[in-house]
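Working through the structure, step by step
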Amino acid sequence: MKTKYLNTLAASVLLASSFAQAGELPIEKVKDTKVGVAPSHVEQEILPVGEVLESIPSPLEISVLIKENGTVYNKSDLNAPDAVSRYNTTFQKALNLGIYGTDLGFANIYGKNQDAISFLNSVKDLADGLGIGAFFDYETIKELAESSNRLDELIQTTTLNFEKINNNLAERKRENVSALILTGGWIEAVYLTAMVNAREPNDLLKDKIGDQKIVLDQLLLVLDIYKSSPGFEDLINDLTALQEIYDQIEVEVIVGEPTMEEIDGVLVVTDGTRSVVHVTDGDIQKITSLLKSIRNKVIR
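This structure is a prediction, so every number in the text was calculated from the model and none was measured.

By secondary structure assignment, the location of S76 is in the loop between α3 (59-68) and α4 (90-109). Residue S76 is classed as exposed on the basis of its relative accessible area of 61%. Among the polar contacts made by the side chain of S76, one reaches the side chain of N74 at a distance of 2.5 Å.

What follows deals with helix α9 (residues 203-210). Inspection of α9 places L205, K206, K208, I209 and G210 among the buried residues, and these make up the whole buried set. N-cap assignment for α9: the residue whose side-chain oxygen lies 2.8 Å from the backbone N of L204 is N202.

For the rest of this paragraph, the subject is the packing of aromatic side chains. Applying the stated criterion to the full structure yields seven aromatic pairs. An angle of 40° between the planes, with centres 6.3 Å apart, marks the rings of Y100 and F119 as tilted. Taken together, the residues Y100 in helix α4 and F119 in helix α5 (residues 113-129) connect sequence positions 19 residues apart. Through successive ring pairs, a cluster of aromatic residues spans Y73, F106 and Y110. Above the ring of Y110, the side-chain terminus of K67 is found at 5.7 Å from the ring centroid.

Here five bridges tie strand β4 (residues 259-263) to strand β5 (residues 266-270), and the two strands are oriented antiparallel to one another. Among the inter-strand pairings, M260 is bridged to a residue of β5, identified as V269. Adjacent in sequence and paired antiparallel, β4 and β5 are bridged by two residues, among which D264 carries a positive phi angle near 55°.

Further remarks concern the environment of L144. Mapping L144 onto the fold places it in helix α6 (residues 138-145). The class of L144 is buried, set by a relative accessible area of 4%. For the pair L144 and T158, spaced 14 residues apart in the sequence, the C-alpha separation amounts to 9.9 Å. Those residues within four positions of L144 in sequence are excluded, and the remaining contacts are R150, E153, L154 and T157.

All right, on to helix α11 (residues 232-246) then. Helix length check: α11, at 15 residues, gives a terminal C-alpha distance of 20 Å against a target of 21 Å (1.5 Å per residue), a fit within 8%. Taken together, the buried positions of α11 are F232, L235, I236, D238, L239, L242, Q243, I245 and Y246. Here the buried residues of α11 occupy an arc of 165° about the axis, which is enough to place them on one side. Turned more than 90 degrees away from the buried face of α11, the exposed residues are E233, D234 and E244. Contacts from the buried residues of α11 go to α4, α8 (175-199), α9, α10 (212-224) and α12 (281-299).

We now examine the confidence of the model for the chain. Model confidence for the chain is summarised by a mean pLDDT of 78, while 79% of its residues fall at 70 or above. Taken as a whole, residues 1-50 scores under 50 in pLDDT and shows 140 contacts with residues more than four places along the chain or in a different chain.

With that out of the way, let us pick up the pattern of salt bridges. Close approach of charged atoms lets side chains of opposite charge pair. Going through the model one piece at a time under the given rule, you end up with nine salt bridges. As a salt-bridge pair, E188 and R295 come within 2.8 Å of each other at their nearest N and O atoms. Highlighted residues: E188 in helix α8 and R295 in helix α12, separated in sequence by 107 residues. According to the relative accessible area criterion, R295 is buried, its value standing at 4%. K206 serves as the salt-bridge partner of D203, at 3.9 Å between the closest nitrogen and oxygen. With D203 and K206 both in helix α9 and three residues apart, this pair spans about one turn of that helix. A relative accessible area of 56% places D203 in the exposed class. Judged by its relative accessible area of 15%, K206 is buried. A single salt-bridge network, built from bridges that share partners, covers D203, K206 and D281.

The rules behind the values
- Residues numbered from 1 in each chain as written.
- Predicted model: local features only at pLDDT ≥ 70, side-chain atom pairs only at ≥ 80, totals over all residues.
- Heavy atoms only, no water.
- Helix = DSSP H or I, 4+ residues; strand = E, 2+ residues; numbered from the N terminus.
- Buried < 20%, exposed > 50% of the residue type's maximum accessible area, 1.4 Å probe, protein only.
- Polar contact = N/O pair within 3.5 Å; in protein donor to acceptor, adjacent residues only side chain to side chain.
- Phe/Tyr/Trp six-rings, centres within 6.5 Å; stacked < 30°, edge-to-face > 60°.
- Lys NZ or Arg CZ within 6 Å of the ring centre and 35° of its normal.
- Pairing = 2+ DSSP bridges.
- Contact = heavy atoms within 4.5 Å.
- Expected span 1.5 Å × (residues − 1).
- Arc of directions from axis to C-beta.
- pLDDT = per-residue confidence, 0-100.
- Salt bridge = Lys/Arg side-chain N within 4 Å of Asp/Glu carboxyl O.

Have a look at this one:
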């Protein structure tokens with residue numbers, strides 16, 4: 001996926017910027033290997049949280065993959081916009097802001113403007129509830145979302161809005177909220193991939209699900225920093241159970257040279273590194289079942 005697709009409409013995108021500016025919270029990261037199987041037990045290297053999160057693929061990347069695979073849009077896979085009234089705690093609001101952010105991006109990728117507006121309203125409600133709604137330019141985003149040919153503008157505007165939100169969270173020492181938004185967005189993106197693959201099995205989608213092994217490891221490292229905060233312990237336990245399934249999957253990372261090309265006057269860098277995922281149908285079934293359970297707990 002080219003870099004230009006990594007800017008997402010989802011609330012979970014670019015959260016790394018808030019961590020990077022918030023600063024110097026150390027984290028353990030798997031050291032890079034040129035060729036080999038991604039290890040189950042990390043060799044530890046300390047670096048800022050932001051550098052870990054920057055390597056996590058955006059939900060929009062997965063949404064584009066699903067659409068390009070020829071999958072029909074299925075609204076029932078997404079969270080109901082009116083469920084927003086159920087989320088009362090900061091923990092629930094932040095996780096579901098990530099969920100709805102991914103659903104917003106998904107609907108926009110498919111050109112479902114009315115659905116996108118409904119998800120946008122849910123995002124706005126949760127952002128207000130978290131005290132960050134003032135940084136969300138609702139009217140501009142709504143106008144762009146109603147247009148079928150202004151997706152690039154919508155991505156840019158929404159990205160800038162969430163950068164402001166992330167900066168504000170960092171200034172107020174609320175990076176735990178950013179971590180939850182990111183996690184919610186990731187859960188929803190992988191859940192959508194799993195649901196589509198369950199209906200229409202596809203090797204590309206199966207590999208994308210298996211490839212999330214490394215991402216999940218990184219997410220858990222971030223969440224562990226806030227394990228004493230309300231709600232985090234149960235979420236970490238659930239995702240750790242998911243990690244145990246992923247530990248059975250081998251991901252071979254082969255490092256390649258990046259390539260550069262100019263597209264519409266913009267220099268686009270494509271990462272030459274690729275992953276070879278060794279995953280079975282049984283692994284995917286276990287991941288799908290547990291991920292569905294975790295996601296249901298988040299949105300209930």
